[in-house]
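The primary structure of each chain is shown beneath.
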Amino acid sequence: MPLPTIVSRHLLPQVLKLLYRSLRISVTMPKHGLPQNGGIVAFWHGNMMVGWLLAKKLFPHKNVAAVVSQSGDGTILADALGTLGFTLIRGSSSTDGDMVKQRMYEHVQQGQMVAITPDGPRGPNHQFKYGTIRLASSQHIPLLFATIGYKRSWQLASWDSFAIPKPFSKVTVTLHILALPLFTSEEELRHFSTTLSACFSHE
């Protein structure tokens, strides 16, 4: 097995699990609890170091599918998430939008969860992609958004301000079930998505 594959399939998943277990994570649940019959759980791309495993921990008895791009970096992430027990949906809104949305819908219809970074894989940072909002609204799919804050972290100079929490540090998570209206026009959807993004842009 090539060295990059060994790293992505074996070393990286173990590092992620060890880091996650060391963190002191406090979670504030939504007022009416978590979705029980399938849904989408979302978190910003820059918070994925905690976001992916958080999704698994929140829904331990469900099959969680991760939406991951077809890029080289996406393949590394997909290898790691596959080892961690995620089902994989490969693609992005810009290149495989219809296929990705169809697979997301099918997965949720089976009562399972889909985890997604709604501003990934290339940004803009902290901006919901219209496809995620459109799908959740039109199909009445619960959309659970996790704001994740680190007490101590390393932050990279990347487009997503990628943050790596320092081991044993405190992490605060607040879960929001987003109330999405039915949109009567594309303009209305875009305005709502922009407004929603602004609400969580500093989280």
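Anything mentioned here points back to the structure above.
About the criteria used
- Position numbers for residues count from 1 along each chain, tracking the sequence in the order it is written.
- With pLDDT at 70 or above as the cut-off, local features in this predicted model cover only qualifying residues; side-chain atom pairs require 80 or more to be listed or tallied, and sums for whole chains, interfaces and linings still use all residues.
- Values reported for side chains reflect all heavy atoms of the structure, with hydrogen atoms and water molecules removed beforehand.
- Strands here mean DSSP runs of E at least two residues long; helices mean DSSP runs of H or I at least four residues long; both are numbered from the N terminus.
- Expected span, for any helix, means 1.5 Å times one less than how many residues it has.
- Summary of the burial criterion: residues with accessible area below 20% of their type's maximum are buried, those above 50% are exposed, and those between are partly exposed, where the area comes from a 1.4 Å probe applied to protein chains only.
- Here, the arc refers to the directions that run from the helix axis to the C-beta atoms.
- Contacts: residue pairs with any heavy atoms within 4.5 Å of one another.
- Classification of ring pairs uses Phe, Tyr and Trp, with its six-membered ring standing for Trp, and accepts pairs whose centres are within 6.5 Å; under 30 degrees between planes counts as stacked, over 60 as edge-to-face, and the remaining range as tilted.
- Note on geometry: a ring has a charge over it if NZ (lysine) or CZ (arginine) is within 6 Å of the ring centre and within 35 degrees of the ring normal.
- Pairing between strands is defined by DSSP: at least two bridges between the two strands are required.
- In what follows, salt bridge is the name for a side-chain nitrogen of Lys or Arg lying within 4 Å of a carboxyl oxygen of Asp or Glu.

Caption draft 1: Up close: helix α6 (residues 186-200). Taking 1.5 Å per residue as the helical rise, α6 with its 15 residues ought to reach 21 Å, and the 22 Å between its terminal C-alpha atoms agrees with that figure. Of the residues making up α6, those classed as buried are L189, S193, L196, S197 and F200. The buried residues of α6 occupy an angular sector of 100° when the element is viewed end-on, so they sit on one face. Across from the buried face of α6, at angles greater than 90 degrees, the exposed residues are E187, H191 and C199. Looking at the packing, one finds that the buried side of α6 touches α5 (130-138), β6 (143-150) and β9 (170-178).

Caption draft 2: Up close: the packing of aromatic side chains. With the rule as written, the count across this model stands at 7 aromatic pairs. The interplanar angle of 85° and the centroid separation of 6.2 Å between the aromatic rings of W52 and F86 together place this pair among those described as edge-to-face. Here W52 is found in helix α2 (residues 48-58), whereas its partner F86 is found in the loop between α3 (72-83) and β4 (87-90), with 34 residues between them in sequence. As far as the burial class goes, W52 and F86 line up, both buried. Relative to F145, the ring of F128 has its centre 5.4 Å away and its plane inclined at 55°; by these criteria the two rings are tilted. Taken together, the residues span a long stretch of sequence, with F128 in the loop between β5 (113-116) and α5 and F145 in strand β6 at a distance of 17 residues. Of the residues examined, F145 reaches a relative accessible area of 0% and is grouped as buried. Through a chain of ring-to-ring contacts, three or more aromatic side chains come together here, namely W44, F128, F145 and F200. Stacked on the ring of F86, the Lys or Arg K56 has its end atom at 5.2 Å from the ring centre.

Caption draft 3: Representation of the pairing of β9 within the structure. Direction of pairing for strand β1 (residues 24-28) relative to β9: parallel, over a ladder of 5 bridges. For V27, the partnering residue across the bridge sits in β9 and is V173. Inspection of the sheet shows β6 paired to β9 by 8 bridges, in the antiparallel sense. Bridged to L144 within β9 is I177.

Caption draft 4: Up close: the environment of M104. Structurally, M104 is set in helix α4 (residues 93-109). Judged by relative accessible area, which is 2%, M104 ranks as buried. As a C-alpha pair, M104 and I164 span 60 residues in sequence and 28 Å in three-dimensional space. If near-sequence neighbours (up to four positions away) are discounted, M104 is found in contact with I40, V67, I89, V114, I116 and L135.

Caption draft 5: Representation of the pattern of salt bridges. Tallied over the full model, the rule gives 3 salt bridges. Between D79 and R9 there is a salt bridge, with the nearest N and O atoms lying 3.6 Å from each other. With D79 in helix α3 and R9 in helix α1 (residues 3-22), the pair connects residues that are 70 residues apart, well separated along the chain. With relative accessibility at 37%, the residue R9 sits in the partly exposed group. E186 is paired through a salt bridge with R190; the nearest N and O atoms lie 3.5 Å apart. Here R190 and E186 lie together in helix α6, a separation of 4 residues that amounts to about one turn. A relative accessible area of 40% means that R190 is categorised as partly exposed. Residues joined by salt bridges that share partners form a network here, namely R134, E186 and R190.

Everything listed here is a matter of coordinates, which is why it stays silent on function.
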